[in-house]
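Commentary on secondary and tertiary structure
Here's the letter readout for the chains.
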Amino acid sequence: MSDPRAPLRLGVDRERCVGAGMCALTAPAVFDQDEEEGLVVLLSPAPAPEHRPAARMAAGLCPAEAITLTG
Ligand code: SF4
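Residues numbered from 1 in each chain as written. Predicted model: local features only at pLDDT ≥ 70, side-chain atom pairs only at ≥ 80, totals over all residues. Heavy atoms only, no water.

Details of the site of the ligand
What counts, and what does not: When at least one non-hydrogen atom of a residue lies within 4 Å of a molecule or strand, that residue is treated as near it. Three categories are distinguished: nonpolar for Ala, Val, Leu, Ile, Met, Phe, Trp, Tyr, Cys and Pro, charged for Asp, Glu, Lys and Arg, and polar for the others, with Gly belonging to the last.
Residues in contact with the ligand amount to 13 residues; listed here are only the nearest, Cys17, Ala20, Gly21, Cys23 and Cys62. Grouping the constituent residues of the shell around the ligand by class yields 11 nonpolar, 2 polar and no charged.

Structure (structure tokens):
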């Protein structure tokens, strides 16, 4: 398991996103989907520690590999 205290930076690629919504379901504090196309909206590029485990999980679950993690 990653240390939840470690800093985390997120990026999303809306060109890759297929609107599956796994990210918004898994980490609703960090990801949303836009109303028009259902594509990912990054709410929190540098999530607080309590949201980092869910954000990491969401990145792993994304079927389009549209979420990148750094830090
Ligand atoms: S899980 Fe991936 S493909 Fe689905 S909405 Fe989120 S970023 Fe897009």
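Remarks on helix H2 (residues 52-61)
Convention followed: The buried label goes to any residue with under 20% of its type's maximum accessible area, the exposed label to any with over 50%, and the partly exposed label to all in between, with areas taken from a 1.4 Å probe on protein chains only. Only DSSP runs of H or I covering at least 4 residues are called helices, and only runs of E covering at least 2 are called strands; the numbering of each starts at the N terminus. This arc describes the spread of directions from the helix axis toward the C-beta atoms. Every residue pair with non-hydrogen atoms within 4.5 Å of one another is taken to be in contact.
The set of residues buried in H2 consists of Arg52, Ala55, Arg56, Ala58 and Ala59. Projected down its long axis, H2 shows its buried positions confined to an angular sector of 160°, all on one face. Considering only its buried residues, H2 is in contact with strand S1 (9-12), helix H1 (22-26), strand S2 (31-33) and strand S4 (67-70).

Some thoughts on the environment of Asp3
On the secondary structure map, Asp3 appears in the segment before S1. By relative accessible area, Asp3 is classed as partly exposed at 35%. Placed 49 residues apart in sequence, Asp3 and Arg52 show a C-alpha to C-alpha distance of 9.2 Å.

Thoughts on the nonpolar core
Stated precisely, the cut-off is as follows: Nonpolar core, defined: a set of buried Ala, Val, Leu, Ile, Met, Phe, Trp, Tyr and Cys residues in which side-chain atoms within 4.5 Å join the residues together.
Counting 16 residues, the largest nonpolar core has Leu10, Cys23, Val30, Phe31, Ala55 and Ile67 as its most contacted members. For this core, the element with the highest residue contribution is H2, accounting for 3 residues.

Examining the pattern of salt bridges
For clarity, the cut-off: Counted as salt bridges are all cases of a side-chain nitrogen of Lys or Arg within 4 Å of a carboxyl oxygen of Asp or Glu.
Evaluation of the coordinates by the stated rule reveals 2 salt bridges. One salt bridge in this structure joins Arg14 and Asp34, with 2.8 Å as the shortest N-O distance. In this pair, Arg14 sits in the loop between S1 and H1 while Asp34 sits in the loop between S2 and strand S3 (40-42), placing the two residues 20 residues apart along the sequence. Note that Glu37 is salt-bridged to Arg14, the shortest N-O span being 4.0 Å. Of this pair, Glu37 sits in the loop between S2 and S3 while Arg14 sits in the loop between S1 and H1, and the two are 23 residues apart along the sequence. Owing to a relative accessible area of 57%, Glu37 belongs among the exposed residues under this scheme. Shared partners join several salt bridges into a network, and the residues in it are Arg14, Asp34 and Glu37.

Brief notes about a nonpolar patch on the surface
Defined as follows: Exposure above 30% relative accessible area and no salt bridge define the residues that can form patches, which grow by joining like charges within 9 Å and nonpolar side chains of Val, Leu, Ile, Met, Phe, Trp and Tyr within 5 Å. Surface accessibility in these figures is a Shrake-Rupley result with a 1.4 Å probe; residues are shielded only by whichever protein chains are displayed.
A cluster of nonpolar side chains, namely Met22, Leu25, Met57 and Leu61, defines an oily patch on the protein surface of about 400 Å² accessible area. Those elements that place two or more of their residues in the nonpolar patch are H1 and H2. Position of Leu61 among the secondary structure elements: in helix H2.

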